[in-house]
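The chain contents come next:
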Amino acid sequence: MLSTRVATWTAVVPVKPLGAAKTRLRGAVPDATHPGLVLAMARDTVAAVLACPAVSRVVVVCDDPQVRAGLVAAGATCLPDTPAAGLNAALAFGARAAGGAPVVALTADLPAMRPADLAVALAEAARAGRRAFVPDLEGSGTVLLAAPAGVPLDPHFGPGSAAAHLRSGALRLDGDWPSLRRDVDTAADLDAAAGLGLGSHTGEILCTLA
Ligand SMILES: Nc1nc2c(ncn2[C@@H]2O[C@H](COP(=O)(O)OP(=O)(O)OP(=O)(O)O)[C@@H](O)[C@H]2O)c(=O)[nH]1
Ligand SMILES: C=C(OP(=O)(O)O)C(=O)O
C-alpha cells in the first residue's frame, strides 16, 4: 500500500498549441473564449494531478508559450514539443524525462478530475505491476496510461485508443472514477463535466459566459 502514500509517479501531460487545440469544442463557447477555455482545462487538469499524493512531478509537453507560462506557474515542468510529430511522440518524449520512475500519461482535458480518483486509479495501476490504462466514459478513448518503473510507456492514443492499448497488452482499469474519466472533447462533454464539478479555472471561464 506504500505506493498510495509515497509520491512515486511522474505525470506526462501533452498539450497542443491553443490555436490548434480542441477543434471539436468550437462553438461550445464564443470563438474569443475558446483558447482561454482550453488553457483553463489544462490548468485544472495539472492542478488536480499535482494535488494527487501519489504524483511527484508533472512534465508538460507543449510548444505554446502561453500554455507553458500558465502550467509552469502551476508547478509543472515544461518540455518543448516536436511540431507535427503527434501526440504519442510527445508522450514518449515526456516519458523519457522521467528518469526511470513510474510514468502516468494523462490528457489535458480533464477539468472535473478529483485528485482522490486519480490516486485510487494509480494505486490500482501500481498493484497491476504492468502497463494499465483508464478508458474515457464512452469506453473507446483513453484518459490515462500508466507504466511501472523501467517499462516503456508505449502510448497508442488517438481514435480507438482503448482497443489499441488493450491490443498492446495494457490492463484496462474500468473504475468508478467519473471525474477522471470525463474528458472534454465536445460541448456535451463540457456540460457533463460541469455536472461533476469543474476546477476553478474552467468554472471561472464558464461563469463569465453565464
Ligand atoms: N504536445 C502535444 N499534445 C497533443 C497533440 N495532439 C493532441 N495533444 C493533446 O492530447 C490530448 C488529447 O488529445 P485530443 O482530445 O484529441 O485534443 P485535441 O487534438 O486538441 O482535440 P481535437 O482538435 O478536438 O481533436 C489533449 O491534451 C491535446 O492537447 C500533439 O501533437 N502534441
Ligand atoms: C487522444 C484521445 O483523446 P480523444 O479520443 O478524446 O481525442 C484518446 O482517447 O486517445
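Residues numbered from 1 in each chain as written. Chains lettered and ligands numbered in written order. Predicted model: local features only at pLDDT ≥ 70, side-chain atom pairs only at ≥ 80, totals over all residues. Heavy atoms only, no water.

**Thoughts on the side chain of Thr142**
Phase 1 of the analysis: In this structure, Thr142 sits in strand S6 (residues 142–147).
Phase 2 of the analysis: Only 2.8 Å separates the side chain of Thr142 from the side chain of Ser161, close enough to count as a polar contact.
Phase 3 of the analysis: Engagement of the side chain of Thr142 in a polar contact is seen with the side chain of His165, the distance being 3.0 Å.
Phase 4 of the analysis: Those residues in contact with Thr142, other than ones at most four positions away along the chain, are Thr107, Phe133, Val134, Pro135, Asp136, Phe157, Ser161, Ala162 and His165. (Helix = DSSP H or I, 4+ residues; strand = E, 2+ residues; numbered from the N terminus. Polar contact = N/O pair within 3.5 Å; in protein donor to acceptor, adjacent residues only side chain to side chain. Contact = heavy atoms within 4.5 Å.)

**Things to note about the UniProt feature "domain: MobA-like NTP transferase" (unreviewed entry) in the chain**
Phase 1 of the analysis: Within this structure's numbering, the places UniProt gives as "domain: MobA-like NTP transferase" (unreviewed entry) are residues 45–145.
Phase 2 of the analysis: Taken end to end, residues 45–145 is 39% helix and 22% strand, and its first and last C-alpha atoms sit 15 Å apart. (UniProt positions renumbered as here; feature names shortened; annotations may be inferred.)

**A few points about the packing of helix H2 (residues 34–50) against helix H3 (residues 65–73)**
Phase 1 of the analysis: Taken N-terminus to C-terminus, the directions of H2 and H3 make an angle of 30 degrees; their axes are 10 Å apart at the nearest point. The angle between the axes of H2 and H3 places the two elements in the roughly parallel class. In this structure, H2 meets H3 at a crossing whose hand is right-handed. Packed against H2, whose contacting residues are Leu39, Ala42, Arg43 and Val46, the element H3 presents Gln66, Val67, Gly70 and Leu71 at the interface.
Phase 2 of the analysis: Considered class by class, the residues forming the contact of H2 with H3 number five nonpolar, two polar and one charged. (Axes fitted to C-alpha atoms, helices over the stretch in contact; angles between N-to-C directions. Parallel < 35°, antiparallel > 145°, perpendicular 65-115°, else oblique. Left-handed = near helix turned anticlockwise from the far one by under 90°. Nonpolar A, V, L, I, M, F, W, Y, C, P; charged D, E, K, R; others polar.)

**What about the nonpolar core?**
A general tendency of soluble globular proteins is for nonpolar side chains to be buried together.
Phase 1 of the analysis: Judged by nonpolar contacts, the single largest core of 40 residues is most densely connected at Val60, Leu106, Leu118, Leu144 and Leu180.
Phase 2 of the analysis: Put simply, the parts of the chain that give this core at least two residues each are strand S1 (9–14), H2, strand S2 (55–61), H3, strand S4 (103–106), helix H5 (115–128), strand S5 (132–135) and S6.
Phase 3 of the analysis: When residues of this core are assigned to their parent elements, the largest contribution, six residues, is made by H2.
Phase 4 of the analysis: Each residue touching Leu144, except ones within four places of it in the same chain, is listed here: Val104, Ala105, Leu106, Leu118, Leu122, Ala132, Phe133, Val134 and Leu180.
Phase 5 of the analysis: Val61, Ala147, Leu153 and Ala170 belong to the second-largest nonpolar core, a separate cluster that totals 15 residues. (Core = buried A, V, L, I, M, F, W, Y, C linked by side-chain atoms within 4.5 Å. Buried < 20%, exposed > 50% of the residue type's maximum accessible area, 1.4 Å probe, protein only.)

**Quick notes on the site of ligand 2**
Phase 1 of the analysis: Taken together, the residues surrounding ligand 2 are Arg24, Leu87, Gly141, Thr142, Phe157, Gly158, Ser161, Asp183 and Asp185.
Phase 2 of the analysis: One of the side-chain nitrogen or oxygen atoms of Arg24 is found 2.6 Å away from an oxygen atom of ligand 2.
Phase 3 of the analysis: Contact distances for ligand 2 include 2.8 Å between an oxygen atom and a backbone N or O atom of Thr142.
Phase 4 of the analysis: A total of 290 Å² of accessible area belongs to ligand 2 in isolation, and the protein chains cover 83% of it.
Phase 5 of the analysis: The residue makeup of the shell around ligand 2, split by class, is two nonpolar, four polar and three charged. (Near = heavy atom within 4 Å. Areas by Shrake-Rupley, 256 points an atom, 1.4 Å probe, with all protein chains shown as cover.)

**A few points about the environment of Leu166**
Phase 1 of the analysis: If you trace the backbone, Leu166 turns up in helix H6 (residues 161–167).
Phase 2 of the analysis: Considered as a pair, Leu166 and Ala132 are 34 residues apart in the sequence and their alpha carbons are 8.8 Å apart.
Phase 3 of the analysis: Among residues more than four places away in sequence, those in contact with Leu166 are Phe133 and Arg172.

**A look at the pairing of S1**
Phase 1 of the analysis: Burial analysis of S1 places six of its six residues in the buried class, which makes it a mostly covered element.
Phase 2 of the analysis: What you see with S1 is no split at all: Trp9, Ala11 and Val13 on one side and Thr10, Val12 and Pro14 on the other are buried throughout.
Phase 3 of the analysis: The sheet contact formed by S1 and S2 spans six bridges and is parallel. Counterpart to Pro14 in the pairing with S2 is Val61.
Phase 4 of the analysis: This β-α-β element, S1 to H2 to S2, shows right-handed connectivity. (Pairing = 2+ DSSP bridges. Right-handed = clockwise from strand over helix to strand, strands pointing away.)

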